[in-house]
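Residue strings, one per chain:
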Amino acid sequence: MTSTVPTAVHDEQHAEAHAEPPITMFGPDFPYAYDDYLAHPAGLGSVPATAHGTEVAVIGGGLSGIVAAYELMKMGLKPVVYEADRIGGRLRTVGFEGCAAAGDGEALTAEMGAMRFPPSSTAFQHYIDLVGLETKPFPNPLAPDTPSTVVDLKGESHYATSVEDLPEVYTQVMNAWNACLEEGADFSGMQRALRERDVPRIREIWSRLVEKLDNQTFYGFLCDSPAFKSFRHREIFGQVGFGTGGWDTDFPNSILEILRVVYTGADDDHRGIVGGSQQLPLRLWEREPEKIVHWPYGTSLKSLHGGEPRPAVTRLHRTAGNRITVTDATGDIRTFQAAIFTAQSWMLLSKIACDDSLFPIDHWTAMERTHYMESSKLFVPVDRPFWLDKDEQTGRDVMSMTLTDRMTRGTYLLDNGPDRPAVICLSYTWCDDSLKWLPLDANERMEVMLKSLSEIYPKVDIRKHIIGNPVTVSWENEPYFMGAFKANLPGHYRYQRRLFTHFMQDRLPEDKRGIFLAGDDISWTAGWAEGAVQTALNAVWGVMHQFGGETDSANPGPGDVYDGIAPVELPED
């Protein structure tokens, strides 16, 4: 998700903001400074020496699970990571079968899940810096580093290097969106509060909006705005929007989901990870922390596991002493004092046999109401970034980053330098658009996409540049995911609050403690890696607290300050 039209919308605000503190994903629901917590020299806390070496189950080896396991290991606990598929979760980087390596010997790769990250993801950035990864600007629509963008709607194409190159109606849509946010959601007031980390102001604005807007869809929010009285404007916004392409697939979702994105700058200035995002969890898996308790220097998650995580969990149940007992795919049974579950919560309703006693009934209800966004991508490797060739008649790039109402929806051009092999994301789609691809295999999808793109670029023979087989994913068809990420519907705020606050287990009955929820589903900002990191840190604090540990007084954790910044609680009656 990133800005298209509203990237230009906010240009003025960006210029004014250079001297101001940056916008970060500091709330709005739970305004806690996870970045400061991670950066503090006192560390995240400690557990009593009597707990050192105690095993803690970590179920799910995606980003949230690996971050949680890494931090538990540093505290002297022994995380036992279970992973059904591969380390990384939706940070999944793959190569191309039948494709030779790039000119420098590096393999071409495609990002099947997360592929771009906003600078406001500061806790996530902590781990990128920790493992020494590099980032580079991602070629989003109309972004400064994107050579050109083509917007193709209703059979009419517009070539642009900036929003000023598009017809006037796009500026009208841009202005309507800005006015809609300002009038309906106090956009500039919230962004100012986020920059200044003004917790009382953030809570004041957000509490009022949660109560007012929890029952409102994204589309309804637009329709309620005088700025969007024109259906044509709403239609264009839905198809081009401020996202990775059209945001009409998000129209049924809660407007609160959208506000969390735009308030925190999550839709802007994206960067990709050089070499692929999956390197982050893999490097954390192999990393030997410089500061570690109990374990000898040189210990890593990989060494604690003998090289590989435990296989898929097939059963979770409570046993005597309020322990959590885990059965895996090999039949191995282990019992833990504490466990962190980071996989998508629907796994607890389908793939994993669970006791009802694992969670309070209200939490089960919240998991059952989870609404997932479907998503599909298809990539092809090509011989070079031929799209930078110039059309002899127009002098324009022969092909551009493309937003369209045709089947492909969003097409991204990913080069590795002049005359080097490159990658095209032929299509990136969501929800209903994604489901349309589901019956087709990778080659069938490619044929439909090439036909669609040939109608936009009749002079360009994309096929002749393809040098390997396509790779594709439909996250709704992935057996351990069932969707790309959670997106709350109207009325779901109360469910999300139950899941996010689950780490505060002193508030739960004693027989419902010991297993902690974390990961994308639990985050207020599902679909963003920052949320996976933040909920992992919440769960780490919860485990530490359960074992009788504590944080340094100079660096209180999320649970220590919870009462002062707890998410607003809506009445249940």
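Residues numbered from 1 in each chain as written. Predicted model: local features only at pLDDT ≥ 70, side-chain atom pairs only at ≥ 80, totals over all residues. Heavy atoms only, no water.

**Some words on the overall build of the protein chain**
- For the protein chain, the count of helices and strands is 19 helices and 21 strands.
- For 573 residues, the compact-globule formula gives about 25 Å, and the C-alpha radius of gyration of the protein chain, at 24 Å, lands near that figure.
- Counting over 573 residues, the protein chain shows a buried share of 61%.
- For the protein chain, the share of sequence-separated contacts (at least 6 apart) that also reach a separation of at least 24 residues comes to 74%.
- When the accessible surface of the protein chain is split by element, carbon and sulfur atoms take 48% of a total near 21900 Å².
- Taken together, the 51 basic and 80 acidic charged side chains of the protein chain have centroids lying 3 Å from each other. (Helix = DSSP H or I, 4+ residues; strand = E, 2+ residues; numbered from the N terminus. Rg over C-alpha atoms; globule rule 2.2 N^0.38 Å. Buried < 20%, exposed > 50% of the residue type's maximum accessible area, 1.4 Å probe, protein only. Contact = heavy atoms within 4.5 Å. Areas by Shrake-Rupley, 256 points an atom, 1.4 Å probe, with all protein chains shown as cover. Lys, Arg positive; Asp, Glu negative; His and termini not counted. Charge placed at Lys NZ, Arg CZ, Asp CG, Glu CD.)

**Focus on the sheet that holds strand E2 (residues 78-82)**
- On the basis of which strands lie adjacent, the open sheet formed by four strands has the order E2-E1-E12-E21 and parallel pairing. Whereas interior strands pair on both sides, the edge strands pair on one side only; in this sheet they are E2 and strand E21 (515-517). Across this sheet, the average inter-strand angle for adjacent strands is 20°, counted without regard to direction.
- One ladder, built from three bridges, connects strand E12 (residues 339-341) with E21; its direction is parallel. Its bridge partner being in E21, Phe341 is matched across the sheet by Leu517.
- Contacts from helix H18 (residues 529-546) reach strand E1 (55-59), E12 and E21 within the one sheet, and its direction differs from that of E21 by about 160°. (Pairing = 2+ DSSP bridges. Axes fitted to C-alpha atoms, helices over the stretch in contact; angles between N-to-C directions.)

**Comments concerning the pattern of salt bridges**
- Scanning all chains against the criterion turns up 33 salt bridges.
- As a salt-bridge pair, Arg195 and Glu20 come within 3.5 Å of each other at their nearest N and O atoms. Within this pair, whereas Arg195 is found in helix H7 (residues 187-196), its partner Glu20 is found in the loop between helix H2 (11-17) and helix H3 (34-39), the two being separated by 175 residues in sequence.
- Residue Asp520 is joined to Arg90 by a salt bridge in which the shortest nitrogen-to-oxygen separation is 3.2 Å. In this pair, Asp520 sits in the loop between E21 and H18 while Arg90 sits in the loop between E2 and strand E3 (93-94), placing the two residues 430 residues apart along the sequence.
- When its relative accessible area of 8% is taken as the criterion, Asp520 is described as buried.
- In this structure, a network of salt bridges that share partners links the residues Asp85, Arg86, Arg92 and Glu478. (Salt bridge = Lys/Arg side-chain N within 4 Å of Asp/Glu carboxyl O.)

**As for the sheet that holds strand E10 (residues 323-328)**
- Strand order in the open sheet formed by four strands is E11-E10-E9-E13, and the pairing between neighbours is mixed. Because the sheet does not close on itself, it has two edges, and the strands there are strand E11 (333-336) and strand E13 (353-354).
- Direction of pairing for E10 relative to E11: antiparallel, over a ladder of four bridges. Each bridged residue has a counterpart across the sheet, and for Val326 the counterpart in E11 is Arg334.

**Remarks on the pairing of E1**
- A large share of E1 lies buried, amounting to four of its five residues.
- Relative to E2, E1 runs parallel, the two being bridged by five bridges. Paired with Glu55 across the bridge in E2 is Lys78.
- Of the crossover connections in this fold, the one passing from E1 over helix H4 (residues 63-74) to the parallel E2 is right-handed. (Right-handed = clockwise from strand over helix to strand, strands pointing away.)

**Points about the nonpolar core**
- In this structure, Trp177 and Phe379 are the most contacted members of the largest nonpolar core, which totals 132 residues.
- Residue contributions to this core peak at ten residues, all from H18.
- Of all hydrophobic cores here, the second largest spans 24 residues; its members include Val80, Phe341, Met347 and Leu348. (Core = buried A, V, L, I, M, F, W, Y, C linked by side-chain atoms within 4.5 Å.)

**Section: the packing of H7 against helix H8 (residues 199-213)**
- Between H7 and H8, whose axes approach to 8 Å, the crossing angle comes to 150°. It follows from the interaxial angle that H7 and H8 lie roughly antiparallel. Classified by chirality, the crossing of H8 by H7 is left-handed. Every residue of H8 that contacts H7 at Gly189, Met190, Ala193 and Leu194 is listed here: Arg201, Ile202, Ile205 and Trp206.
- Tallied by class, the residues present in the contact of H7 with H8 amount to six nonpolar, one polar and one charged. (Parallel < 35°, antiparallel > 145°, perpendicular 65-115°, else oblique. Left-handed = near helix turned anticlockwise from the far one by under 90°. Nonpolar A, V, L, I, M, F, W, Y, C, P; charged D, E, K, R; others polar.)

**Re the packing of aromatic side chains**
- Tallied over the full model, the rule gives 30 aromatic pairs.
- Ring geometry for Phe138 versus Tyr412: centroids 5.9 Å apart, planes at 50°, classification tilted. In this pair, Phe138 sits in the loop between strand E5 (135-137) and strand E6 (149-153) while Tyr412 sits in strand E17 (residues 410-414), placing the two residues 274 residues apart along the sequence.
- The interplanar angle of 20° and the centroid separation of 6.2 Å between the aromatic rings of Phe187 and Tyr263 together place this pair among those described as stacked. One end of the pair, Phe187, is in helix H7; the other, Tyr263, is in helix H11 (residues 255-263), and 76 residues separate them in sequence.
- Note that Lys351 overlies the ring of Tyr480, its terminal NZ or CZ placed 5.4 Å from the centroid.
- Note that Lys377 overlies the ring of Tyr428, its terminal NZ or CZ placed 4.6 Å from the centroid. (Phe/Tyr/Trp six-rings, centres within 6.5 Å; stacked < 30°, edge-to-face > 60°. Lys NZ or Arg CZ within 6 Å of the ring centre and 35° of its normal.)

**Brief notes about the confidence of the model for the protein chain**
- Averaged over the protein chain, the pLDDT score is 93; the fraction of residues at 70 or greater is 95%.
- Every residue in residues 1-17 is under pLDDT 50, and counting partners more than four places away or in other chains gives 48 contacts. (pLDDT = per-residue confidence, 0-100.)

**Comments concerning helix H16 (residues 442-456)**
- Helix length check: H16, at 15 residues, gives a terminal C-alpha distance of 21 Å against a target of 21 Å (1.5 Å per residue), a fit within 8%.
- Within the sequence span of H16, burial applies to Ala442, Arg445, Met446, Met449, Leu450, Ser452, Leu453 and Ile456. The buried side chains of H16 occupy one side of the element, clustering within an arc of 165° when seen end-on. (Expected span 1.5 Å × (residues − 1). Arc of directions from axis to C-beta.)

**A look at the side chain of Ser400**
- Structurally, Ser400 can be placed in the loop between strand E15 (375-382) and strand E16 (401-404).
- Note on Ser400: relative accessible area 1%, which makes it buried.
- For Ser400, the side chain forms a polar contact with the side chain of Ser148, separated by 2.6 Å.
- What Ser400 contacts, discounting residues up to four positions off in sequence, is Ser148, Thr149, Val150, Tyr159, Leu413 and Tyr457. (Polar contact = N/O pair within 3.5 Å; in protein donor to acceptor, adjacent residues only side chain to side chain.)

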